[in-house]
Amino acid sequence: MNEQEIKNIVTGQRRYFYTGATLDVDARIQALKKLKASILKHENDIHEALKKDLGKSGFESYMCETGLVLSEITYMLKHVRSFAREKTVLTPLAQFHSRSYRKPSPYGVVLIMSPWNYPFLLTLDPLVDAIAAGNTVVLKPSAYSPYTSTIVSKIIKECFDEKYICVVTGGRTENTCLLKENFDYIFFTGSKAVGREVMRQAADHLTPVTLELGGKSPCIVEKSADLKLAARRIVFGKFLNCGQTCVAPDYIYCDRSVKDRLVKEIKKQIQKQFGKQPLDRADYGKIINEKHFDRITRLIDPSKVVWGGKSDKATLKIEPTVIDNVTFGDTVMQEEIFGPLLPILTYDSLDEAIRNINSMHHPLALYIFTKDRSAARKVTSRLGFGGGCINDTIIHLATCEMGFGGFGESGMGSYHGKDGFRTFSHEKSIVDKKRWIDLPMRYQPYRKIYGRLVRMFLK
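Treat the numbers as computed from the prediction; the structure is a model and nothing was measured.

Rules and cut-offs
Residue numbers here run from 1 along each chain, matching the order of that chain's written sequence. Thresholds applied to this predicted model are a pLDDT of at least 70 for local features of residues and 80 or more for the giving and counting of side-chain atom pairs; totals over whole chains, interfaces and linings are not thresholded and use all residues. Just so you know, side-chain values use all the structure's heavy atoms and leave hydrogens and water out. Summary of the burial criterion: residues with accessible area below 20% of their type's maximum are buried, those above 50% are exposed, and those between are partly exposed, where the area comes from a 1.4 Å probe applied to protein chains only. To qualify as a helix, a DSSP run of H or I must reach at least 4 residues; to qualify as a strand, a run of E must reach at least 2; elements of each kind are numbered from the N terminus. Pairing between two strands is assigned when DSSP locates at least 2 bridges connecting them. With the strands aimed away from the viewer, a crossover counts as right-handed if its path from the first strand over the helix to the second runs clockwise. Contacts between residues were defined by any pair of non-hydrogen atoms, one from each residue, lying within 4.5 Å. Structural elements are reduced to axes, namely lines fitted to C-alpha atoms, with helices fitted over the stretch in contact, and the angle between N-to-C directions of any two is expressed from 0 to 180 degrees. Polar contact is the term for a pair of N or O atoms within 3.5 Å; when the atoms are in protein, one must be able to donate a hydrogen and the other to accept it, and sequence-neighboring residues count only if both atoms are side-chain atoms. Any pair of Phe, Tyr and Trp rings, taking the six-membered ring for Trp, is counted once the centres come within 6.5 Å. Such a pair is stacked with planes under 30 degrees apart, edge-to-face with planes over 60 apart, and tilted for the rest.

So, about the pairing of strand β15 (residues 365-369). Within β15, 5 of the 5 residues are buried, which leaves the element mostly enclosed by the surrounding structure. Neither face of β15 is open: one carries Ala-365, Tyr-367 and Phe-369, the other Leu-366 and Ile-368, and all of them are buried. One ladder, built from 3 bridges, connects strand β8 (residues 218-221) with β15; its direction is parallel. Its bridge partner being in β15, Cys-219 is matched across the sheet by Tyr-367. Here 4 bridges tie β15 to strand β16 (residues 387-390), and the two strands are oriented parallel to one another. Along β16, the bridge assignment pairs Tyr-367 with Cys-389. Since β15 and β16 lie parallel, the crossover through helix α13 (residues 373-382) that links them has a hand, and here it is right-handed.

With that settled, consider the sheet that holds strand β5 (residues 165-167). Read from one edge of the open sheet, 6 strands run β5-β4-β3-β6-β7-β18, paired in mixed fashion. In this open sheet, the two edge strands, each paired with only one partner strand, are β5 and β18 (411-412). Here strand β3 (residues 109-113) pairs with strand β6 (residues 185-189) via 4 bridges, running parallel. Paired with Leu-111 across the bridge in β6 is Ile-186. Taken strand by strand, helix α6 (residues 146-159) contacts β4 (136-140) and β5, and its axis lies near 155° from that of β5.

For the rest of this paragraph, the subject is the sheet that holds strand β9 (residues 251-255). The mixed open sheet is built from 7 strands, whose spatial order is β10-β13-β14-β9-β8-β15-β16. At either end of the open sheet lies a strand with only one pairing partner, and these are β10 (305-307) and β16. Averaged over all adjacent pairs, the angle separating strand axes in this sheet is 25°, with direction ignored. Pairing of β10 with strand β13 (residues 321-323) involves 2 bridges; the strand directions are antiparallel. Bridge pairing in β13 links Trp-307 to Val-322. Where helix α9 (residues 227-239) meets the sheet, it contacts β8, β9, β13, β14 (341-347) and β15, and its direction lies at approximately 140° from that of β14. Relative to β9, helix α12 (residues 350-358) is tilted by about 150°, and along the sheet it contacts β8, β9 and β14.

In this fold, Ser-142 is placed in the loop between β4 and α6. A distance of 3.0 Å separates a polar side-chain atom of Ser-142 from the backbone nitrogen of Tyr-144. Excluding residues that lie within four positions of it along the chain, Ser-142 makes contacts with Ser-114, Pro-115, Trp-116 and Ser-149.

A word on the packing of aromatic side chains. Enumeration over the complete set of coordinates arrives at 17 aromatic pairs. Here the aromatic rings of Phe-187 and Tyr-415 are separated by 4.8 Å at their centres, their planes lie at 80°, and the arrangement is edge-to-face. Placement of Phe-187 in strand β6 and of Tyr-415 in strand β19 (residues 414-415) is noted, with a sequence separation of 228 residues between them. We note that Phe-187, like Tyr-415, is buried. Seen in terms of ring centroids, Phe-404 and Tyr-415 are 6.4 Å apart; in terms of plane orientation they differ by 65°. Their pairing is edge-to-face. Separated by 11 residues along the polypeptide, Phe-404 in strand β17 (residues 404-405) and Tyr-415 in strand β19 bring together distant segments of the chain.

In structure tokens:
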């Protein structure tokens, strides 16, 4: 798609938005119902596309992508009327007699740019929120997950006219053309490097943005932790989607006194969850492409591997790999891994761990395993991070009742449920002043007699 075609799409969507067609809440509800019906109709096609792009099983595809999108739609259908309703607030006495209220209003034409690691979920989830808020939307899925992009395009074309919702496929050229356009809001999920460029381009038009990025999310294992439970849940969270999850535990940071026992339990759990030969399992996923496969395998130091380490370039598969005796100076700790490598570092005191983590960029997620509630409070209070779990991994993002988003270098803004509706809405502050009374004291010429009244109203 060339620059002029993209410009025509944005112009057409703006023209459609200005007709007011998206403001009707009933129309938004019908759009969401239509989208839900199409997803259910094409569920097998979606899962087949995810299998081709990332090697995901049907179960994992539903649990981590399709099912979560359907859940978001269901939540919005239930709550969108209340979210879109005007909210009356108290009016100060000085503005007697008036009604003050907040009016949620859509931004207008929204650009949603999504990544390849959860290509269905991270394209459709923000779309649901944007539709519920009353916007028109241009979707730009990743070029690295072409099969999922194709089924997303098919669903959108089946449900909507391009003047309302449109999918733009392609790569860097299309991204560049899109970012030149003057959108009313940009929602981006992806790498920090591309996120910086999105923000730079958005600044030219003073366009507000939400950035969902990533980072090295730590998993703290405190000395009182239930190590069997910790190992089971860490292995699940780390190796889900072959580690290609923005909120996966990037590394374990554990108390030195429990490290050896934890490593032993992690080895047991990897074998229990993935078998002795993970590369031969049909339901074990793959790395998205050769470029990322080569990047991840270069991070493996064979001398420090205590489990796994094997890979198959022909199938783009890498075993769940545990790397022990790691320091913050090692190569594997210099960038977000985004693959099935699990480095293990140790600390001698929780205060030491907090100092070291605070010395780095704020992560998207943080996890702590502990039986000590005071230790959990200390970590969650003193460390900066987007969101996380106590005694679990990843599941904090699987709810519509809490917003999900980054902090600092891991992103800005949040979405899911009500937070998603708010992200794609501007809340207008409006005072509806009655005509039957008009206090004279605010008008020139100012008289001393009114001074006491003004002080009474405004103190």
